Amino acid sequence: MANSLPTEFDVIVMGTGLPESILAAACSRSGQRVLHLDSRSYYGGNWASFSFPGLLSWLKEHRQNSDTVEESPAAWQDMIHETEEAIPLCKKDETIQHAEVFCYASQGMDGNIEELDALQKNPSCVASSTLIKPLDSTSLSEETHSSHITSYEVPTKDTPKNNEEITDTAETSVKEEYCGYDTYKHTLSDGTKDEIKPVLEDNSGPPKRKRIAYSQIVKEGRRFNIDLSSKLLYSQGLLIDLLIKSNVSRYAEFKNVTRILAFREGKVEQVPCSRADVFNSKELTMVEKRMLMKFLTFCLDYEQHPEEYQAFTQCSFSEYLKTKKLTPSLQHFILHSIAMMSESSCTTVDGLKATKNFLQCLGRFGNTPFLFPLYGQGEIPQCFCRMCAVFGGIYCLRHKVQCLVVDRESGRCKAIIDHLGQRINAKYFIVEDSYLSEETCSSVQYKQISRAVLITDQSVLKTDSDQQISILIVPPVEPGAHAVRIIELCSSTMTCMKDTYLVHLTCSSSKTAREDLESVVKKLFTPYSETEVDKEELPKPGLLWALYFNMRDSSGVSRSSYNGLPPNVYVCTGPDCGLGSEHAVKQAETLFHEIFPSEEFCPPPPNPEDIFFDGDEKPSEPLGTSNIVMAKLESSEGSKNLESSGKHLQN
């Protein structure tokens, strides 16, 4: 069926990560013919989200991939003409390393779950808190990803309805039945006011500790949506602005992050963010409240008072805070939980800028600056892929590209050859960094990100409600070490099953992920032991399951670092270590303007009243206006019409 692919395109995009998906959507929206390919069987690349069995299958694929011997040169070499040369692409993904899986929950007595023996063959910890041996590749699930689709797909050009997802029907059914939380919905639009629709279900009350077996996790595995890259959206950030401007927001739903936490002197505390939080806080004295409000007010317009910080521009932000007569607790809150910076690497100006950005994001959609997409971060690339498909983009998953074909005389890339031997021509080529061969990347120095994914039975900070979404920064203990960012998700985010929490840990790598993060895990969590559940009070949440892995960070790589790239081949990087997705949005917009300097980047969608089909009689129109032809779906320049968002922000 892939042989029926057209052979001529304007843009070919390889990889469905966030920057590639935004670029594909922008190119398709501007009227370009777009072919969007991915060698993987799921959308998102390292930005993807998986169900629990899907994550185990992903781990198995990577372990088998690392053991695979390079294949002999394929027949594509015979398709290269004398006036051409080929740039081979990478045959396996090497962006994930040092993956280790540990299970602490008891195996359970449910014999009806077929996946149990396949997923875990090692005995689980019952009375011991020692680590379990990592699962080998043969013990991982054979179940396929919930987001698999056919290898060749030409999405419909009609706008998707009923909030359908770019996933299979099994995944969709899970999302439909997994509801019933005490939430408030806000329309994510460009207006300053939000429509509030209360849901009449109440799940508040003190959380109760329950026995959770590994068999339950397996049985409820499709209720999990586990992100490979852990991020949040700033409510005044570039990604939110792009979602609203392009009307892609109608394809996704969001929830507010409800708490900003701090880890100080071995305890987890809630940080007051808004004015109301500050004055309602019981952790701060009245003097501290006034000092904090005065400093935060200054940060909002610090550029207007350069005399306050010019003398400290060469100092670190932590040293500057000491000069402001703030108490140690306030200095800790501002540095680690508001500016979210490290003591050594953050300058005064950077700290003030980060604090101002935090404060400006408060109040737009809730009491904290951050939003989280329901069903995980992997939904965001899929939303932009859908926009691309709506405007005519063609999608192919499980479709490998063997090489780029370059014209010797001009030095420009003119075509690709896929794994089926089909030659497809295009004017521009956008490639995810992981697709490039070792020879092309021989001069590149990559950084690494240390990641951990935990399933726990309770929150790191208990409250009356068990539906909290929290972010916590754990400062480094040793000088030169990296702070660890923790994002804790509850079941109402549709990322984990009821009575559990999904916890993401992220930091810049200095060693393997387990070596970087295990000490923090031990500070905050206790390996789960069924015999301890009966105790009335446990000091820490129980750790049920853990995954550690290192992910490549290619965000700082310049184009000049790659060897022999043609000028019309553009490289997109993978996820960075930052909290937001600003780098991906900036990169997509920059590359789009390099390719199409005269086109608008992701303009608002056309007004439905101005759309007509070819052959239809044009309605009379005022002088100086123009209608939009459905075949091209081009909006009139400067159009400000935006369809009302069909998706909501849950609060």
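Cut-offs used in this document
Residues numbered from 1 in each chain as written. Predicted model: local features only at pLDDT ≥ 70, side-chain atom pairs only at ≥ 80, totals over all residues. Heavy atoms only, no water. UniProt positions renumbered as here; feature names shortened; annotations may be inferred. Phe/Tyr/Trp six-rings, centres within 6.5 Å; stacked < 30°, edge-to-face > 60°. Lys NZ or Arg CZ within 6 Å of the ring centre and 35° of its normal. Salt bridge = Lys/Arg side-chain N within 4 Å of Asp/Glu carboxyl O. Helix = DSSP H or I, 4+ residues; strand = E, 2+ residues; numbered from the N terminus. Buried < 20%, exposed > 50% of the residue type's maximum accessible area, 1.4 Å probe, protein only. Pairing = 2+ DSSP bridges. Axes fitted to C-alpha atoms, helices over the stretch in contact; angles between N-to-C directions. Contact = heavy atoms within 4.5 Å. Lys, Arg positive; Asp, Glu negative; His and termini not counted. Expected span 1.5 Å × (residues − 1). Core = buried A, V, L, I, M, F, W, Y, C linked by side-chain atoms within 4.5 Å. Domains from an automatic or database assignment.

Under an unreviewed UniProt entry, the chain has the name Rab proteins geranylgeranyltransferase component A and belongs to Capra hircus. Quoted verbatim from the Subcellular location (unreviewed entry) field of the UniProt record, the comment on the chain reads "Cytoplasm, Cytosol".

## Some points on the packing of aromatic side chains
Inspection of the entire model under this criterion finds 17 aromatic pairs. Aromatic ring contacts, followed pair by pair, group Tyr-42, Phe-50, Trp-58 and Phe-549 into a single cluster. The ring of Tyr-446 is capped by Arg-552, whose NZ or CZ atom sits 4.1 Å from the centre of that ring. Just above the ring of Tyr-570 sits the side chain of Arg-559; from NZ or CZ to the centre is 5.8 Å.

## Looking at the pattern of salt bridges
What the rule picks out here adds up to 19 salt bridges. Note that Asp-10 is salt-bridged to Lys-427, the shortest N-O span being 3.5 Å. Here Asp-10 is found in the segment before strand 1 (11–14), whereas its partner Lys-427 is found in the loop between strand 17 (423–425) and strand 18 (428–432), with 417 residues between them in sequence. By relative accessible area, Asp-10 is classed as buried at 7%. Since its relative accessible area comes to 48%, Lys-427 is described here as partly exposed. In this structure, Glu-488 engages Arg-259 in a salt bridge whose closest nitrogen and oxygen atoms are separated by 3.8 Å. With Glu-488 in strand 21 (residues 484–489) and Arg-259 in strand 11 (residues 259–264), the pair connects residues that are 229 residues apart, well separated along the chain. Residue classification places Glu-488 among the buried residues on the basis of a relative accessible area of 1%. On the basis of relative accessibility, which here comes to 1%, the residue Arg-259 falls in the buried class. Here the residues in one salt-bridge network are Asp-38, Arg-40, Asp-93 and Glu-432, joined through shared partners.

## Re the pairing of strand 15 (residues 401–407)
The side chains of a regular strand alternate, first on one face of the sheet and then on the other. Strand 15 sits mainly inside the fold: seven of its seven residues count as buried. Inspection of the sheet shows strand 4 (residues 84–88) paired to strand 15 by five bridges, in the antiparallel sense. From the neighbouring strand, Ile-87 faces strand 15, where its bridge partner is Leu-404. Hairpin connection between strand 15 and strand 16 (residues 413–418): a loop of five residues separates the two successive antiparallel strands, and Gly-411 in this loop has a positive phi of roughly 75°.

## Description of the sheet that holds strand 25 (residues 569–572)
What the five strands build is an open sheet, ordered 14-2-1-18-25; its pairing is parallel. Two strands in the sheet have a free side with no partner beyond their single neighbour: strand 14 (394–397) and strand 25. Adjacent strand axes in the sheet meet at a mean angle of 15°, parallel and antiparallel pairs treated alike. Taken together, the four bridges between strand 1 and strand 18 define a ladder with parallel strand orientation. Its bridge partner being in strand 18, Met-14 is matched across the sheet by Val-431.

## Some details on the sheet that holds strand 16
Taken in spatial order, the four strands line up as 4-15-16-17 in an open sheet, and their pairing is antiparallel. For this open sheet the edge positions go to strand 4 and strand 17, each flanked by a neighbour on one side alone. On average, each strand axis in the sheet is inclined to that of its neighbour by 30°, with strand direction left out of account.

## Quick look at the environment of Tyr-320
Its location among the elements puts Tyr-320 in helix 9 (residues 317–322). Note: C-alpha distance between Tyr-320 and Thr-348 (28 residues apart in sequence) is 6.4 Å. Not counting the four nearest positions on each side in its chain, Tyr-320 is found in contact with Phe-295, Phe-298, Glu-308, Tyr-309, Phe-312, Thr-348 and Leu-352.

## Quick look at unusual backbone geometry
In this structure, Lys-325 is a non-glycine residue whose phi angle is positive, near 60°. Structurally, Lys-325 can be placed in the loop between helix 9 and helix 10 (328–338). Positive phi is not limited to glycine here, since Met-494 has a value of about 60°. Structurally, Met-494 can be placed in the loop between strand 21 and strand 22 (501–508).

## Some points on the pairing of strand 21
In terms of burial, strand 21 is largely enclosed, as six of its six residues are buried. A two-sided burial pattern is seen for strand 21, the buried positions comprising Val-484, Ile-486 and Glu-488 on one face and Arg-485, Ile-487 and Leu-489 on the other. Bridge count between strand 20 (residues 470–474) and strand 21: five bridges; the pairing is antiparallel. Of the residues in strand 21, the one forming a bridge with Ile-473 is Arg-485. Judged from the five bridges that link them, strand 21 and strand 22 form a sheet pairing that is antiparallel. In the sheet register, Leu-489 faces strand 22, and the bridge partner there is Leu-502.

## A few points about the side chain of Asp-553
On the secondary structure map, Asp-553 appears in strand 24 (residues 542–553). Among buried charged residues, Asp-553 stands out as having no salt bridge; its nearest opposite-charge side chain is Lys-447, 4.0 Å away. Among all residues touching Asp-553, those that are not within four sequence positions of it are Tyr-446, Lys-447, Gln-448, Ile-449, Pro-575, Asp-576 and Cys-577.

## Remarks on the environment of Tyr-570
Looking at the element boundaries, Tyr-570 is found in strand 25. Owing to a relative accessible area of 9%, Tyr-570 belongs among the buried residues under this scheme. Spatially, the C-alpha atom of Tyr-570 lies 8.2 Å from that of Arg-559, the residues being 11 residues apart in sequence.

## Observations concerning helix 8 (residues 286–300)
A rise of 1.5 Å per residue sets the reference length of helix 8, with its 15 residues, at 21 Å; its end C-alpha atoms lie 22 Å apart and thus fit the reference within 8%. For helix 8, the full list of buried residues reads Glu-288, Lys-289, Leu-292, Met-293, Phe-295, Leu-296, Phe-298 and Cys-299.

## What to know about the nonpolar core
Core analysis: the largest hydrophobic core is formed by 101 residues, its most contacted members being Phe-52, Phe-295, Phe-317, Phe-370, Leu-505 and Trp-545. Looking at this core element by element, the count peaks at eight residues for strand 24. Here this core gathers at least three residues from each of two domains, domain 1 (8–94 + 375–444 + 555–595) and domain 2 (276–361). Beyond its immediate stretch of four places on either side in the chain, Leu-505 contacts Ser-450, Arg-451, Ala-452, Leu-454, Val-484, Arg-485, Ile-486, Leu-517, Val-520 and Val-521.

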